[in-house]
Amino acid sequence: MVNKSPISYKQSGVNIDLSNVLINNIKNIAKKTHRPEVLNNIGGFNALCELPKKYQEPILVSSSDGIGTKLNLSIKFNSFQKIGIDLVAMCVNDIILSGAEPLFFLDYYATSNLNIQIASTIINSIAEGCLLSGCALVGGETAETPGVYQYKDCDIAGFCLGVVEKSKIIDCKNIQHNDILIALASSGLHSNGYSLVRKIIEVNNIDPMRKKINNKLLIEYLFEPTQIYANVIIKLLKKYDIHAMAHITGGGLLDNICRILSDNNEAIIYEQSWNWPSIFKWISAEAHINHQEMYSVFNCGVGMIIVINENDADKAVEFINSINNNQAWKIGVVKRSIKKSVIVQK
């Protein structure tokens, strides 16, 4: 008879002791994002949160997202300091389109072997994103799954819940002829188009740590976190009626604007109303991509579109710029049309 030695869970690739250390770290991180509606602390099997009492007919608004292949670059260059902001932004920027106030956020982090430093860095950046958007980090899941992920591979996903007064839901039905489109500037690539950017880097053998674009390293452009618009939008909603909003994510400027139009409206975008940030000019030139395709993939410097009555547009732009450092401008107009479309006018 062969004597077999016992095989521990740790030997199989899962370290429960490290997981417990991380949970304690997360508890301290999450305290910074606490909201009074949150009723329990991280560490239980679920999170309890009551609805803010200021709402008469509260409607819950939810969103889930990830950061795509931007994470591949984070892993390759061991840069995780800001990707949690991206994760929160991708979710929060979606729920505010309905006029919702972000309430709480959960994350999912999966890896082959748990690294406390990397995991804590990611959770810290998620908390930073929660602070920027005013929502509480109430929990999530950390999964150590050797075999599913290899070596340094990992993945993250986010889940956000917000709340809006039923009578104040923004649902695009109020878009009218001659409504003005206001653009809010992006902070860069956000979390879209990275598969194409990585291909450009690979094919041309570019070192992002050395390559400079306008005296700024390419790697700095690539890791610029996604802009969170919750604070600006919530303040704007207290002063003006917003008819619709579009978060410019996958599908670029064209597809995301088209998503909010009815069948008998078209949006005319004035290309000369803004200058593309340097990173987008570089991508277009390096990959020989025309403007039409760029608008179908990237935000090209526009992170959010707000549709508002023409009589309120100038004052709304002025108000946004007073709290957001001149990062808004009138980019286009809505016109009646026989079919839904977005036209870029040179």
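Scroll up to find the structure this text is about.
None of the values given here were measured: they were computed from a predicted structure. (Residues numbered from 1 in each chain as written. Predicted model: local features only at pLDDT ≥ 70, side-chain atom pairs only at ≥ 80, totals over all residues. Heavy atoms only, no water.)

Undergrad: Before we go on, may I ask you to explain helix α3 (residues 83-95) in this structure?
TA: The periodicity of an α-helix, 3.6 residues per turn, causes residues three or four positions apart to be oriented the same way. With 13 residues, α3 should reach 18 Å at 1.5 Å per residue; the first-to-last C-alpha distance of 19 Å fits that figure. Of all 13 residues in α3, 12 are buried, a share of seventy percent or more. Listing the buried residues of α3 in full gives Ile83, Gly84, Ile85, Asp86, Leu87, Val88, Ala89, Met90, Cys91, Val92, Asn93 and Ile95. (Helix = DSSP H or I, 4+ residues; strand = E, 2+ residues; numbered from the N terminus. Expected span 1.5 Å × (residues − 1). Buried < 20%, exposed > 50% of the residue type's maximum accessible area, 1.4 Å probe, protein only.)

Undergrad: What's the story with the sheet that holds strand β5 (residues 180-185) in this structure? I'm lost.
TA: Pairing between sheet strands relies on hydrogen bonds along the backbone, with the strands arranged either parallel or antiparallel. If you trace the 6 strands from one edge of the open sheet to the other, you get β8-β10-β5-β11-β9-β12, paired in mixed fashion. In this open sheet, the two edge strands, each paired with only one partner strand, are β8 (242-247) and β12 (341-345). Along the sheet, successive strands turn relative to each other by an average axial angle of 25°, direction set aside. Across 5 bridges, strand β9 (residues 265-270) lies against strand β11 (residues 328-336) in antiparallel orientation. Bridge pairing links Ile268 to Val333 in β11. Set on the sheet, helix α7 (residues 230-237) makes contact with β5, β8 and β10 (302-308); between it and β8 the angle comes to about 170°. (Pairing = 2+ DSSP bridges. Axes fitted to C-alpha atoms, helices over the stretch in contact; angles between N-to-C directions. Contact = heavy atoms within 4.5 Å.)

Undergrad: Help me out: how do you make sense of the pairing of β10 in this one?
TA: Successive side chains on a regular strand alternate, one facing one side of the sheet and the next facing the other. Burial within β10 is extensive, with 7 of its 7 residues counted as buried. The pairing of β5 with β10 spans 6 bridges and is classified as antiparallel. In the strand pairing of β10, Ala183 is matched with Ile305. Bridge count between β8 and β10: 5 bridges; the pairing is antiparallel.

Undergrad: Looking at this structure, I do not really get the packing of aromatic side chains. What am I missing?
TA: Aromatic ring pairs are defined here through the distance separating the ring centres and the angle between the ring planes. Tallying each qualifying case throughout the model produces 4 aromatic pairs. By way of ring pairs, the aromatic residues Trp274, Trp276, Tyr295 and Trp329 are connected into one cluster. For Lys216, the ring lying beneath its charged end belongs to Tyr221, and the centroid distance is 4.5 Å. (Phe/Tyr/Trp six-rings, centres within 6.5 Å; stacked < 30°, edge-to-face > 60°. Lys NZ or Arg CZ within 6 Å of the ring centre and 35° of its normal.)

Undergrad: Would you mind showing me how to read the nonpolar core here?
TA: Within soluble globular proteins, side chains that are nonpolar generally end up buried alongside one another. Within the largest apolar cluster, 62 residues are counted, with the highest numbers of intra-cluster contacts made by Phe105, Ile126, Ile182, Leu184 and Ile306. Listed in part, the 45 residues of the second largest apolar core include Ile219, Trp274, Ile289 and Val307. (Core = buried A, V, L, I, M, F, W, Y, C linked by side-chain atoms within 4.5 Å.)

Undergrad: Help me understand the pattern of salt bridges, please; the structure alone is not making it clear to me.
TA: Should their charged atoms come close, side chains of opposite charge can pair. Summed over the entire model, instances satisfying the criterion amount to 10 salt bridges. Salt-bridge contacts for Glu128 lead to Lys82; the nearest nitrogen and oxygen are separated by 3.3 Å. Taken together, the residues span a long stretch of sequence, with Glu128 in helix α4 (residues 116-133) and Lys82 in the loop between α2 (70-76) and α3 at a distance of 46 residues. Residue Lys82 is classed as partly exposed on the basis of its relative accessible area of 34%. The shortest N-O distance in the salt bridge between Glu224 and Lys216 comes to 3.9 Å. Several salt bridges share partner residues, and in doing so they unite Arg35, Glu37, Lys54 and Glu101 into one network. (Salt bridge = Lys/Arg side-chain N within 4 Å of Asp/Glu carboxyl O.)

Undergrad: Looking at this structure, I do not really get the side chain of Ser186. What am I missing?
TA: Here Ser186 is to be found in the loop between β5 and α5 (194-203). Residue Ser186 is classed as buried on the basis of its relative accessible area of 12%. In terms of polar contacts, Ser186 uses its side chain to reach the backbone carbonyl oxygen of Gly188, at 3.2 Å. Once residues within four sequence positions are removed from consideration, Ser186 is found in contact with Tyr229, Phe280, Asn299, Gly301, Val302 and Gly303. (Polar contact = N/O pair within 3.5 Å; in protein donor to acceptor, adjacent residues only side chain to side chain.)

Undergrad: When you look at the pairing of strand β4 (residues 154-165) in this model, what are you seeing that I'm missing?
TA: With respect to burial, β4 is a largely interior element, 10 of its 12 residues being buried. Here strand β1 (residues 58-65) runs beside β4; their pairing, made up of 8 bridges, is antiparallel. Residue pairing for β4: Ile59 is matched across the bridge by Val164.

Undergrad: Explain unusual backbone geometry here, please?
TA: The phi torsion of most residues other than glycine is negative, and most of the peptide bonds are trans. Its identity as a non-glycine residue notwithstanding, Tyr151 has a phi of 55°, on the positive side. The class for Tyr151 is exposed, based on a relative accessible area of 70%. Residue Asn214 is not a glycine yet carries a positive backbone phi of 50°. Positionally, Asn214 belongs in the loop between β6 (212-213) and β7 (216-217). The exposed category is assigned to Asn214, whose relative accessible area is 60%.

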